[in-house]
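Each chain is listed here by its residues.
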Amino acid sequence: MMRITIATLRCTLVLLVTLTAGAVLAQAKFPNAPVRMLVGTPAGGTTDVIARLIAAKMSQSLAQSVVVENRTGASGLIAAESVAKAPPDGYTVLMASSQLATYRALYATTKLDPEQDLEPLGIVAVSPYVMVVHPSLPVRTLPELFAYAKANPGKISYAGSSPGTAQHLGWELIKNKVGLDMQYVPYKGTGALMPDLLAGRLQAGIDNVAILTPYIKSGQLRGIAVTSAARTSLLPDLPTVAASGVPDFQAMGWFGVFSTGRTPPEVLTALRSAVRSAVEAPEVREKLVGMGAEPQSGDAIALRSLLKRESTVWTKVIKDNNISVQ
């Protein structure tokens, strides 16, 4: 009986060692299946294009396909919620835009807490916005716009992409800080507002610098300031909003990759390394610059810090102005 017990114990130990080694080996092989990268916007948009650039390079680093999947709806909220609810195994990640920082404040019904439910993998790029006016408006600088708006309360109409975006919220923050009475006109995206802005039916706007630069250079619109913390190489002669009378102001688009919260550390390490390698690739950086975006470090800590800052700033703007999205 004793011999059988010892033999059994030996077999059990061998089995445990084998299983443990197999588990370690399985972990070391992450990923051993394709990774899905969810994007909350339709194919062809800026976020989608950036996602496909990064996913292609991540595929090379991970030796597994990273497949972009467009999960549209609620300005990207549906995709973000899907990743937050996914199994925390690293096989579902999110390419998020700056709107991620506004969901909790804008959508009363969502239970998503991006800072708790998502794990930053790396910041990919930032994209400055530029403030423009129609040439029919007799202003050439931001201080002149402020003076004109104060002399003509309620007579200047403005917009910025869709309600609740950083472009729209940037206007609200400026209005609050300076004390302006201007008329907000909601549109369903940049494409919808551009005809009215170019025709002068809409007098002022804030949007992506890459989108508006051609119109500024052609004289169809007049650029008066950029909303980023520093000047942009696309429009080097334009000052920042912060340097034009609104201290500490900053509003910009940004793009970052996130995983599901509680993803194992070893999986996060592999994913973060792949994101950083993708952002560091010269051909990726070149394409980002060509889109008017400024390539970033791919750092996860920087992305976490940015999300926290943006959430704090825009949540206050949304609540102070009673902004909501139905």
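Draft legend 1. Region of interest: helix α9 (residues 209–218). Of the positions making up α9, those classed as buried are V209, L212, T213 and I216. Along the long axis of α9, the arc covered by the buried residues comes to 120°, so they all point the same way. The elements touched by buried residues of α9 are β4 (118–133), α8 (190–199), β7 (204–208) and β8 (222–226). Positive backbone phi, approximately 90°, marks G219, located one or two places after α9.

Draft legend 2. Expanded view of the pattern of salt bridges. Across all of its chains, the model carries 12 salt bridges by this definition. The salt bridge partner of E119 is R272, with a shortest N-O separation of 3.0 Å. Of this pair, E119 sits in strand β4 while R272 is found in helix α10 (residues 265–280), placing the two residues 153 residues apart along the sequence. Judged by its relative accessible area of 18%, E119 falls in the buried class. Between R304 and E119 there is a salt bridge, with the nearest N and O atoms lying 2.7 Å from each other. Separated by 185 residues along the polypeptide, R304 in helix α12 (residues 300–320) and E119 in strand β4 bring together distant segments of the chain. When its relative accessible area of 39% is taken as the criterion, R304 is described as partly exposed. Here the salt bridges share partners, and the residues they tie into one network are R36, E69 and R71.

Draft legend 3. Looking closely at the packing of aromatic side chains. Here the structure, examined in full by the defined rule, presents four aromatic pairs. Ring plane angle 45° and centroid distance 5.0 Å describe the contact between Y158 and W171, whose orientation is recorded as tilted. You can see Y158 sitting in strand β5 (residues 157–159) and its partner W171 sitting in helix α7 (residues 166–178), a full 13 residues away along the chain. The pair Y158 / W171 is uniform in exposure class, with both members buried. Plain terms: the ring middles of Y158 and Y184 are 5.5 Å apart, the flat faces sit at 45° to each other, and that makes the pair tilted. With Y158 in strand β5 and Y184 in strand β6 (residues 183–184), this residue pair connects regions lying 26 residues apart in the sequence. An identical accessibility class is assigned to Y158 and Y184; each is buried.

Draft legend 4. Inspection of the layout of surface pockets at higher detail. One number sums up the size of the largest pocket: a volume of about 810 Å³. Along the wall of the largest pocket there are 38 residues; nearest its centre are T41, T47, Q99, S161 and Q167. Those elements giving two or more residues to the lining of the largest pocket turn out to be α2 (46–62), α3 (77–85), β3 (92–97), β4, α7, β7, α9 and β9 (252–260). It is β3 that contributes the most residues to the lining of the largest pocket, four residues altogether. Looking at the lining of the largest pocket, its residues break down into 16 nonpolar, 20 polar and two charged. In this model, the second largest pocket occupies a volume close to 160 Å³. Lining the second largest pocket are 14 residues, and of these R104, D113, E115, S311 and T315 lie nearest its centre. Counting only elements with at least two residues in the lining of the second largest pocket, the list comes to α4 (103–106), α5 (114–117) and α12. Counting residues per element, the lining of the second largest pocket draws most heavily on α12, at four residues. Its residues assigned to classes, the lining of the second largest pocket comprises five nonpolar, five polar and four charged.

Definitions and limits used
Residues numbered from 1 in each chain as written. Predicted model: local features only at pLDDT ≥ 70, side-chain atom pairs only at ≥ 80, totals over all residues. Heavy atoms only, no water. Buried < 20%, exposed > 50% of the residue type's maximum accessible area, 1.4 Å probe, protein only. Helix = DSSP H or I, 4+ residues; strand = E, 2+ residues; numbered from the N terminus. Arc of directions from axis to C-beta. Contact = heavy atoms within 4.5 Å. Salt bridge = Lys/Arg side-chain N within 4 Å of Asp/Glu carboxyl O. Phe/Tyr/Trp six-rings, centres within 6.5 Å; stacked < 30°, edge-to-face > 60°. 1 Å grid on protein atoms, 1.4 Å probe; cavity = no way out; pocket = protein on both sides within 12 Å on 5 of 7 lines; lining within 4 Å. Points joined across faces, edges and corners; volume = space filled by probe spheres on them. Nonpolar A, V, L, I, M, F, W, Y, C, P; charged D, E, K, R; others polar.

Purely geometric stuff here, so don't read any function into it on its own.
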